[in-house]
Amino acid sequence: QVQLVESGGGLVQAGGSLRLSCGASGRTFSTYASGWFRQAPGKEREFVAAITRGGLSTAYADSVKGRFTISRDNAKNTVYLQMNNLKAEDTAVYFCGAKNAYGLVKVRSAYDYWGQGTQVTVSS
């Protein structure tokens, strides 16, 4: 069982930066692949970024490539999402997910655990 808690969201102007954190409970977090998804009002939850259990491989949605960076610190049981050059269309609730898996997990339905989400609002 893994419990996830996101933090770091807030209100930022377009062009600004935020760093989201996802803290996980449990001593086996290093066996879980992780990812960030987001959900804007009236839209489905969409893939943003994923990282393997060891942190050696990452993947990004085209819309955030070059602006967002996913990373993890397994010693701290935490996954991060550094978001730079934010745009109004990045406004959404951001969720982190975890799945006991080796590779990159980019499909929402594949995740076993989710956090409660953190709101990111970008003003233009």
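Participant: Talk me through the state of the cysteines; I want residue IDs and the actual numbers.
Facilitator: Cysteine pairs can be covalently joined through their sulfur atoms, and such a bond is termed a disulfide. Under the defined criterion, the tally for this structure stands at one disulfide. Covalently, Cys22 is tied to Cys96 through a disulfide, its sulfur atoms 1.9 Å apart. Here Cys22 and Cys96 share a disulfide; its torsion about the S-S bond, 50°, makes the bridge right-handed. Here Cys96 lies in strand β9 (residues 92-100) and Cys22 lies in strand β3 (residues 18-24), a separation of 74 residues in the sequence. Judged on exposure class, the residue Cys22 and its partner Cys96 are both buried.

Participant: I'd like to hear about unusual backbone geometry, residue by residue, with values.
Facilitator: The residue Asn77 is not glycine, and still its phi comes out positive at about 55°. What makes Asn77 buried here is its relative accessible area of 16%. One non-glycine residue, Asn85, lies in the positive phi region at around 50°. With respect to the secondary-structure elements, Asn85 resides in the loop between β8 (78-83) and β9.

Participant: Which residues make up the pattern of salt bridges, and what values go with them?
Facilitator: The final tally for this structure, using the stated rule, is five salt bridges. Glu46 is the partner of Arg38 in a salt bridge, and the nearest nitrogen-oxygen pair spans 2.7 Å. Between Arg67 and Asp90 there is a salt bridge whose closest N-O contact spans 2.7 Å. With Arg67 in the loop between β6 (58-60) and β7 (68-73) and Asp90 in the loop between β8 and β9, this residue pair connects regions lying 23 residues apart in the sequence. When its relative accessible area of 8% is taken as the criterion, Arg67 is described as buried. Judged by relative accessible area, which is 1%, Asp90 ranks as buried. Among the charged side chains, a salt-bridge network with shared partners connects Arg38, Glu46, Arg67 and Asp90.

Procedures and definitions
- Residues numbered from 1 in each chain as written.
- Predicted model: local features only at pLDDT ≥ 70, side-chain atom pairs only at ≥ 80, totals over all residues.
- Heavy atoms only, no water.
- Disulfide = S-S within 2.5 Å.
- Helix = DSSP H or I, 4+ residues; strand = E, 2+ residues; numbered from the N terminus.
- Buried < 20%, exposed > 50% of the residue type's maximum accessible area, 1.4 Å probe, protein only.
- Salt bridge = Lys/Arg side-chain N within 4 Å of Asp/Glu carboxyl O.

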